[in-house]
Amino acid sequence: MCRHLAYLGPPVTLRELLFDPPHSLLRQSWAPRDMRGGGTINADGFGIGWYPDGPTPVRYRRAQPIWSDPTIAELAAVTSTGAVLAAVRSATVGMAIVDTAAAPFAEGRWLFSHNGVVRGWPDTMVPLAAELPVRDLLTLDATTDSALLWALVRDRLRAGVAPARAVAETVTSVAAAAPGSRLNLLLTDGHTVVASAAGHALSLRATPASVLLASEPHDDGPGWRAVPDGQLVQATATDLRQQALAAW
Ligand code: GLN
């Protein structure tokens, strides 16, 4: 199962955030510690989204292992940012391995990632997908469960639903339609981040000026705490709230 993270806080280089820590996202791509639910490594692609200047993020996504891309290692060393969403992917069996299947998925100021799997894909998702505009289905980033989950969250955001509710409602409706799914979602606009712990590991490290949510802690140091299953975290760099996910 994929590993993902979101960071909000004082500017750091992508290298400090993604490559340098002892158990960084880079290391989690080939030596993850907690791959509950299948998969052994996260070698089917990766993606990084960040906010260089203003509200619109940029993305770098590839269908190859993050360790095999020398370009991103060079860029990461010279790219500083105060808001990041990044993921390494272990494709669910049968799902496409293409650049566009790697998180983050994006629209406008939003970046989104899914760590997990929708059980019974695609049949279990037919009723929920049928409620989306046909155009959204024809233009999915990829024919994967994660891309459809993004379309479901995005549909709510476009309708003006607040981000925490958009994530919570999507988790609840997908879990009802596809029991046994693993639905750790991450959503950010560069200012606020929302994360669900729903079937997968999620850890959190907050300081007075920053928040880092990650599938696995980046080191054995103090400050990390596990987010219990069935929780929804909503945070800015300086504020953190946690609530139970309905019906998880
Ligand atoms: N099922 C999703 C995919 O194949 C996410 C995979 C994951 O969490 N490993 O892209």
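The following paragraphs examine the structure supplied in this document. (Residues numbered from 1 in each chain as written. Predicted model: local features only at pLDDT ≥ 70, side-chain atom pairs only at ≥ 80, totals over all residues. Heavy atoms only, no water.)

### Looking at the nonpolar core
Ranked by internal contacts, the top residues of the largest apolar core, which has 34 residues, are Phe112, Leu149, Trp150, Val153, Val174, Leu183 and Leu187. Looking at this core, the elements that each hand over two or more residues are strand 6 (110–117), helix 4 (126–129), helix 6 (145–158), helix 7 (163–177) and strand 7 (182–188). Element by element, the count of residues in this core is highest for helix 6, at eight residues. The residues touching Leu149, leaving out its near neighbours within four places in the chain, are Phe112, His114, Val118, Thr170, Val174, Leu183 and Leu185. Membership of the second largest hydrophobic core comes to 21 residues, among which are Leu5, Ile72, Ala76 and Trp224. (Core = buried A, V, L, I, M, F, W, Y, C linked by side-chain atoms within 4.5 Å. Buried < 20%, exposed > 50% of the residue type's maximum accessible area, 1.4 Å probe, protein only. Helix = DSSP H or I, 4+ residues; strand = E, 2+ residues; numbered from the N terminus. Contact = heavy atoms within 4.5 Å.)

### Brief notes about the site of the ligand
Near the ligand lie 11 residues; those nearest to it are Cys2, Arg89, Ser90, Thr92 and Gly116. Within the backbone of Gly116, one N or O atom sits 2.7 Å away from an oxygen atom of the ligand. Between a nitrogen atom of the ligand and a side-chain N or O atom of Asp145, the distance comes to 2.8 Å. Against a free-state accessible area of 300 Å², the protein chains account for coverage of 99% of the ligand. (Near = heavy atom within 4 Å. Polar contact = N/O pair within 3.5 Å; in protein donor to acceptor, adjacent residues only side chain to side chain. Areas by Shrake-Rupley, 256 points an atom, 1.4 Å probe, with all protein chains shown as cover.)

### Considering the packing of aromatic side chains
The geometry of an aromatic ring pair is captured by the separation of the ring centres together with the interplanar angle, meaning the angle of the planes. Throughout the structure, instances matching the rule amount to two aromatic pairs. Arg62 extends its terminal NZ or CZ atom over the ring of Tyr60, reaching a point 4.5 Å from the ring centre. (Phe/Tyr/Trp six-rings, centres within 6.5 Å; stacked < 30°, edge-to-face > 60°. Lys NZ or Arg CZ within 6 Å of the ring centre and 35° of its normal.)

### A short note on the sheet that holds strand 2 (residues 46–50)
Pairing is antiparallel across the open sheet formed by seven strands, whose spatial order is 3-2-4-1-10-9-11. The open sheet terminates on both sides in strands that have one partner only, identified here as strand 3 (58–62) and strand 11 (224–226). For this sheet, the mean angle separating the axes of adjacent strands, direction not counted, is 15°. One ladder, built from five bridges, connects strand 9 (residues 203–207) with strand 10 (residues 210–214); its direction is antiparallel. Bridge pairing in strand 10 links Ser203 to Ala214. Packed onto the sheet, helix 3 (residues 70–78) meets strand 1 (3–13), strand 2, strand 3 and strand 4 (80–88) and runs at close to 155° relative to strand 3. (Pairing = 2+ DSSP bridges. Axes fitted to C-alpha atoms, helices over the stretch in contact; angles between N-to-C directions.)

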